[in-house]
Amino acid sequence: MEAGRVLAQILWLFLVVPALIVFGAEAFTGTYGINYGRLADNIPSPDKVVKLLKASKIKNVRIFDSDQSVLEAFSGSGLELTIAVNNGLVKEMSSNEGQAVKWVKENVESYQYSNIVGVAVGNEVLGGDQELSAALLGAVKNIYAALQKAQLSDKVMVSTAHSQAVFNNSFPPSSCVFAENVVQYMKPLLDFFASIGSPFCLNAYPFLAFMYNPGKIDINYALFEKTTNIFDPKTGLYYDNLLDAQIDAAYSALANSGYKKMEVIVTETGWASRGDANEAAANLTNARTFNYNLRKRLAKKKGTPLRPKIPLKAYIFAMFNENQKTGPTSERNFGLFKADGSIAYDIGYKGLKSSSADSSLKLFKDLRYRSGYGSYLLTFMMCTLSSLLFLTR
């Protein structure tokens with residue numbers, strides 16, 4: 001009888017206690033993510049994209065809308081998805097609380113199994129159209145209120161991504177401030193994000209910085225290759241790559257405005273593998289070098305010189321080349337993967353050619369990591385089995 005009672009208690013611990021533990025979704029797991037843009041007519045279907053992401057072990061994904069075919073494909077995948085209220089909807093979301101509630105109900109509440117962990121409201125709004133800039137804060141607040149109403153605000157992070165256009169004097173990094181034409185919109189937006197714990201999201205492209213200033217920036221500095229370090233005389237810090245300097249410029253602008261504790265997350269960065277005649281830096285070699293070195297840098301889980309204790313997190317742009325994008329040739333050639341799911345160039349991914357053994361290992365690691373107590377549970381199971389053997393002697 002005593003042995004039976006002990007066994008029942010052990011089974012209760014195994015079966016009931018884990019079910020009672022609730023794990024809140026995080027906006028970003030680890031340090032590496034990717035942007036899944038779809039302005040193309042030759043890329044894989046969303047369900048194949050999910051397989052590709054799993055094969056490549058990329059967990060964090062951003063899309064630029066809330067396409068239902070994508071949300072359905074991601075359902076039950078274990079991937080973490082940030083969706084978007086695109087710029088064309090910002091004014092409507094700002095002026096109409098009911099529309100924000102409807103949008104959240106249709107695109108977030110209805111797809112809770114899709115593991116939506118973030119909603120990006122607009123993209124690179126500030127620094128552009130003034131009417132859209134004025135509407136951004138209202139849209140952000142209404143989407144957040146709608147998430148609160150749905151009891152999802154503690155699981156889904158609200159944010160908006162900014163371009164480098166919101167800054168002035170970004171070199172050296174410590175001198176960076178917000179541009180005068182965005183301050184009136186940026187300040188209340190940052191106040192709100194600080195109150196709800198959202199980060200500052202930045203689209204940072206060393207590629208573009210180099211293209212605009214080829215005579216002033218060493219390409220090795222932009223590609224994470226060995227070069228002469230750049231010195232910031234105000235902070236006494238040295239920089240061995242341009243991306244870190246861009247991020248610390250954002251941290252400086254935030255600190256100079258009173259938001260020293262706000263985290264900066266890179267929502268877009270990448271390098272084009274092909275360009276027009278006047279885009280010589282956009283080539284396969286540079287794209288591979290940048291993305292390979294960036295992947296290694298993110299894997300180290302270290303911070304920037306100014307914020308060494310905050311691991312850098314970044315979403316790579318982009319998953320595929322997008323043949324329907326407008327603008328220079330480089331705009332259509334940022335993809336890490338080809339349309340058939342194979343790699344565009346080798347930075348350590350296998351694409352859709354991963355073996356079943358790789359997939360099984362990924363499943364085990366995902367379950368253990370997601371539980372948050374894998375090593376504890378394994379130890380507990382071993383101890384329990386030992387106890388059962390003792391009791392049955």
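Residues numbered from 1 in each chain as written. Predicted model: local features only at pLDDT ≥ 70, side-chain atom pairs only at ≥ 80, totals over all residues. Heavy atoms only, no water.

1. Here's the deal with unusual backbone geometry
Cut-off, in case you're wondering: Under the DSSP-based scheme used, a helix requires at least four consecutive residues in state H or I and a strand at least two consecutive residues in state E, with every element numbered from the N terminus. Only protein chains enter the accessibility calculation, which uses a 1.4 Å probe. A residue is then buried if its area is under 20% of the maximum for its type, exposed if over 50%, and partly exposed in between.
With an omega dihedral of -5°, the bond running from phenylalanine 171 to proline 172 counts as a cis peptide bond. Following the sequence through the fold, proline 172 ends up in the loop between β6 (167-168) and β7 (177-178). Residue alanine 318 is reached from phenylalanine 317 by a cis peptide bond, and omega for that bond is 5°. Among the secondary structure elements, alanine 318 is positioned in the loop between β12 (314-316) and α13 (356-371). One non-glycine residue, asparagine 169, lies in positive phi territory at about 55°. Phi is positive for phenylalanine 224, close to 65°, though the residue is something other than glycine. Judged by its relative accessible area of 16%, phenylalanine 224 falls in the buried class.

2. Re the packing of helix α5 (residues 87-95) against helix α7 (residues 130-149)
Note the cut-off: Between the N-to-C directions of two axes lies an angle of 0 to 180 degrees, each axis being a line fitted to C-alpha atoms and, for a helix, fitted only over the stretch in contact. Working definition: roughly parallel below 35 degrees, roughly antiparallel above 145 degrees, roughly perpendicular at 65 to 115 degrees, and oblique for all remaining angles. Helix crossings fall into two classes, left-handed where the near helix is turned counterclockwise from the far one by less than a right angle and right-handed where it is turned clockwise. The contact criterion used is simple: two residues touch if any of their non-hydrogen atoms lie within 4.5 Å. Charged residues are taken to be Asp, Glu, Lys and Arg, nonpolar residues to be Ala, Val, Leu, Ile, Met, Phe, Trp, Tyr, Cys and Pro, and polar residues to be all remaining types, Gly included.
Contact geometry of α5 with α7 gives a least axis separation of 7 Å together with a crossing angle of 65°. The angle between α5 and α7 falls in the class roughly perpendicular. Our pair here, α5 against α7, has a crossing hand that is left-handed. Residues Asn87, Val90, Lys91, Met93 and Ser94 of α5 form the contact with α7, whose own contacting residues are Glu131, Leu132, Ala135, Leu136, Gly138, Ala139, Asn142 and Ile143. Residue composition of the contact of α5 with α7, grouped by class: seven nonpolar, four polar and two charged.

3. A look at the environment of glycine 98
Residue position: glycine 98 is located in helix α6 (residues 97-107). The partly exposed category is assigned to glycine 98, whose relative accessible area is 43%. Distance in space between the C-alpha atoms of glycine 98 and isoleucine 143 is 9.9 Å, their sequence separation being 45 residues.

4. Thoughts on the packing of aromatic side chains
Keep this limit in mind: Ring pairs shown here join Phe, Tyr and Trp side chains whose ring centres sit within 6.5 Å, with only the six-membered ring taken for Trp; geometry is labelled stacked below 30 degrees between planes, edge-to-face above 60, and tilted in between. Two conditions define a charge located above a ring, namely a distance within 6 Å from the ring centre to NZ of Lys or CZ of Arg, and an angle within 35 degrees of the ring normal.
Tallying each qualifying case throughout the model produces 18 aromatic pairs. Note on phenylalanine 224 and phenylalanine 290: the rings are 5.3 Å apart at their centroids and 45° apart in plane angle, and the pair reads as tilted. With phenylalanine 224 in the loop between α10 (219-222) and β9 (230-232) and phenylalanine 290 in helix α12 (residues 284-299), the pair connects residues that are 66 residues apart, well separated along the chain. These aromatic residues form a ring-pair network of at least three members: Phe64, Tyr205, Phe207, Phe224, Trp271, Phe290, Phe317 and Phe334. Above the ring of tyrosine 36, the side-chain terminus of arginine 38 is found at 5.8 Å from the ring centroid. Directly above the ring of tyrosine 349 sits arginine 295, whose terminal nitrogen or CZ lies 4.0 Å from the centroid.

5. Here we look at helix α8 (residues 180-196)
Helical geometry note: an α-helix holds 3.6 residues per turn, so side chains three or four residues apart project in the same direction. The criterion, for reference: Each residue after the first adds 1.5 Å to the expected span of a helix. Two axes enter the bend calculation: one fitted to the seven residues ending at the residue in question, the other to the seven starting there, and the bend is the angle between them.
In this model, α8 (17 residues) spans 25 Å end to end at C-alpha, consistent with the 24 Å of a helix rising 1.5 Å per residue. Taken as a whole, α8 carries its principal kink of about 40° at methionine 186; the proline proline 188 stands between one and four residues after it. Check the buried side of α8 and you find it contacts α7, β5 (157-162), β7, β8 (200-203) and α11 (242-256). Positive backbone phi, approximately 80°, marks glycine 197, located one or two places after α8.

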